[in-house]
Amino acid sequence: MTTQSQNNGRWPDFFLIGAPKCGTTSMDIYLAQHPEIYMSPLKEMHFFGQPEIGIVPATRDESTYRGVFAAAQPKQQCGESSVRYLYSRKAASQIRHANPDAKIIVMLRDPVGFMVSMHNQQRYNLTEKHADFTAALAAEAERVESSHNDDQDSPGRTDYRAQAIFSRYVRPYLEIFGRDQVHVMLLDDVRRDPAIAYRGVCEFLGVDPSFKPEFEIHNVSKAVRIGWLQRVIMNQNLRGFGKRLMPDLVATRIGKTLYAWNRIPAKPSGIDADLAAQLRQEFDGETRDLEALIHRDLSSWRIDPT
């Protein structure tokens, strides 16, 4: 473990950077229960990789960011979860510059399930106007071209296909940190046996692998309680304005509290069987590339789950 404690805090010892909708929220909560781990109280800090991530970070100030981990005990591992670090071309090198010994946990899932779940999430975030997943996919090419931003090299949150090409984003982390510092886990693993999956993460981090947290599922499908409030919460300009009126982390906590209150449970939308088969075939090459890259058998991603 790298000790970097200073009066103004420290850098995290590890980062949970898995793709969205792949179980990172649950894993963040499981890891926070471990007595030898201190997780950032704020998930999705997105301090690294700016501005290309296209998200207003919890803070851009290094001292404020490091100060988030000042409450950790000297022997605790500090962790931070920001899913979109995975998609940033800058974040990996910036993290390594801050802490060359940092460990990286990447969570992934089958691309078809990911895209459907991501579509549901963006409907909730009000960034996706197409309620039908098929229509959303059909609009991708035109939407990507019209929304191109020179400062944002990472894929947009409604660029479903681009976000699902996981090998493209995992490879730089393996190249920059090496295999010994990168642990790739699958949502399949957590669903099959969360205790074994969690034990593997603990062994990777070098903390007591016998500890067992409360395994509950978090961040399930949801719907908006109040539409106009959601539009206010998700407005990036208003987020930036709020941070000019009050301390960064205070504004972020208020936004996250409102975001959590404004959701209600909802049944997720599904996917047409023919479209699912088409997408599995379309991503067959990518799945094989990822198999070779992370040394895992992903053949289950290439067959009909029914």
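Please read these numbers as outputs of a predicted model, since none were measured by experiment.

Calculation notes
Residues numbered from 1 in each chain as written. Predicted model: local features only at pLDDT ≥ 70, side-chain atom pairs only at ≥ 80, totals over all residues. Heavy atoms only, no water. Axes fitted to C-alpha atoms, helices over the stretch in contact; angles between N-to-C directions. Helix = DSSP H or I, 4+ residues; strand = E, 2+ residues; numbered from the N terminus. Parallel < 35°, antiparallel > 145°, perpendicular 65-115°, else oblique. Left-handed = near helix turned anticlockwise from the far one by under 90°. Contact = heavy atoms within 4.5 Å. Nonpolar A, V, L, I, M, F, W, Y, C, P; charged D, E, K, R; others polar. Buried < 20%, exposed > 50% of the residue type's maximum accessible area, 1.4 Å probe, protein only. Pairing = 2+ DSSP bridges. Salt bridge = Lys/Arg side-chain N within 4 Å of Asp/Glu carboxyl O. pLDDT = per-residue confidence, 0-100. Phe/Tyr/Trp six-rings, centres within 6.5 Å; stacked < 30°, edge-to-face > 60°. Lys NZ or Arg CZ within 6 Å of the ring centre and 35° of its normal.

Observations regarding the packing of helix 3 (residues 91–98) against helix 8 (residues 166–177)
Alright, step 1. For the pair helix 3 and helix 8, the least separation of the axes is 9 Å and the interaxial angle reads 25 degrees. Taken together, the axis directions place helix 3 and helix 8 in an arrangement best described as roughly parallel. Crossing of helix 3 over helix 8 shows right-handed handedness. Of the residues in helix 8, those in contact with A91, A92, S93, I95 and R96 of helix 3 are Y173, I176 and F177.
Alright, step 2. For the contact of helix 3 with helix 8, the class distribution of residues is 6 nonpolar, 1 polar and 1 charged.

Here we look at the pairing of strand 5 (residues 182–186)
Alright, step 1. The buried fraction of strand 5 amounts to 4 of the 5 residues, a majority that puts the element mostly inside the structure.
Alright, step 2. The sheet contact formed by strand 4 (residues 103–108) and strand 5 spans 5 bridges and is parallel. Within the sheet, the bridge partner assigned to I105 lies in strand 5 and is H183.

Quick notes on the pattern of salt bridges
Alright, step 1. This structure, assessed with the given rule, holds 10 salt bridges.
Alright, step 2. D13 is paired through a salt bridge with R10; the nearest N and O atoms lie 2.8 Å apart. When sorted by exposure, D13 lands in the same class as R10, which is buried.
Alright, step 3. One salt bridge connects E282 with R161, and the closest N-O pair in it is separated by 2.7 Å. On the criterion of sequence distance, the pair formed by E282 in helix 14 (residues 273–282) and R161 in helix 7 (residues 160–163) is long-range, its members being 121 residues apart.
Alright, step 4. Owing to a relative accessible area of 24%, R161 belongs among the partly exposed residues under this scheme.
Alright, step 5. Via salt bridges that share partners, D284, R288, E291 and R302 belong to a single interconnected network.

Structural notes on the sheet that holds strand 4
Alright, step 1. Pairing is parallel across the open sheet formed by 5 strands, whose spatial order is 2-3-1-4-5. At either end of the open sheet lies a strand with only one pairing partner, and these are strand 2 (37–39) and strand 5. Each strand of the sheet is rotated relative to its neighbour by a mean of 20 degrees, with strand direction disregarded.
Alright, step 2. Helix-sheet contacts for helix 1 (residues 24–32) involve strand 1 (14–16), strand 2, strand 3 (77–81), strand 4 and strand 5, and the interaxial angle to strand 2 is about 135 degrees.

Quick notes on the confidence of the model for the protein chain
Alright, step 1. Scored by pLDDT, the protein chain comes out at a mean of 85, with 79% of its residues at no less than 70.
Alright, step 2. Between residues 1–7, whose pLDDT stays under 50, and residues either more than four places distant or in other chains, the model counts 19 contacts.

Topic: unusual backbone geometry
Alright, step 1. Although it is not a glycine, E44 sits at a positive phi angle of roughly 65 degrees.
Alright, step 2. Checked against the element boundaries, E44 lands in the loop between strand 2 and helix 2 (62–67).
Alright, step 3. If you check the backbone angles, H295 has positive phi at about 60 degrees while not being a glycine.
Alright, step 4. Relative to the helices and strands, H295 is located in the segment after helix 15 (284–294).

Side note on the packing of aromatic side chains
Alright, step 1. Tallied over the entire structure, the rule returns 16 aromatic pairs.
Alright, step 2. Between F48 and Y65, the ring centres sit 5.7 Å apart and the planes meet at 85 degrees, which makes this aromatic pair edge-to-face. Note that F48 is positioned in the loop between strand 2 and helix 2 and Y65 in helix 2, a separation of 17 residues in sequence. Considered together, F48 and Y65 belong to a single accessibility category, that of buried residues.
Alright, step 3. Geometrically, the ring pair formed by Y65 and F69 is edge-to-face, given 5.6 Å between the ring centres and 75 degrees between the ring planes.
Alright, step 4. Taking relative accessible area as the criterion, F69 reaches 0% and is therefore assigned buried.
Alright, step 5. One residue, K103, lies across the ring of F204, its end atom 5.3 Å from the ring centre.

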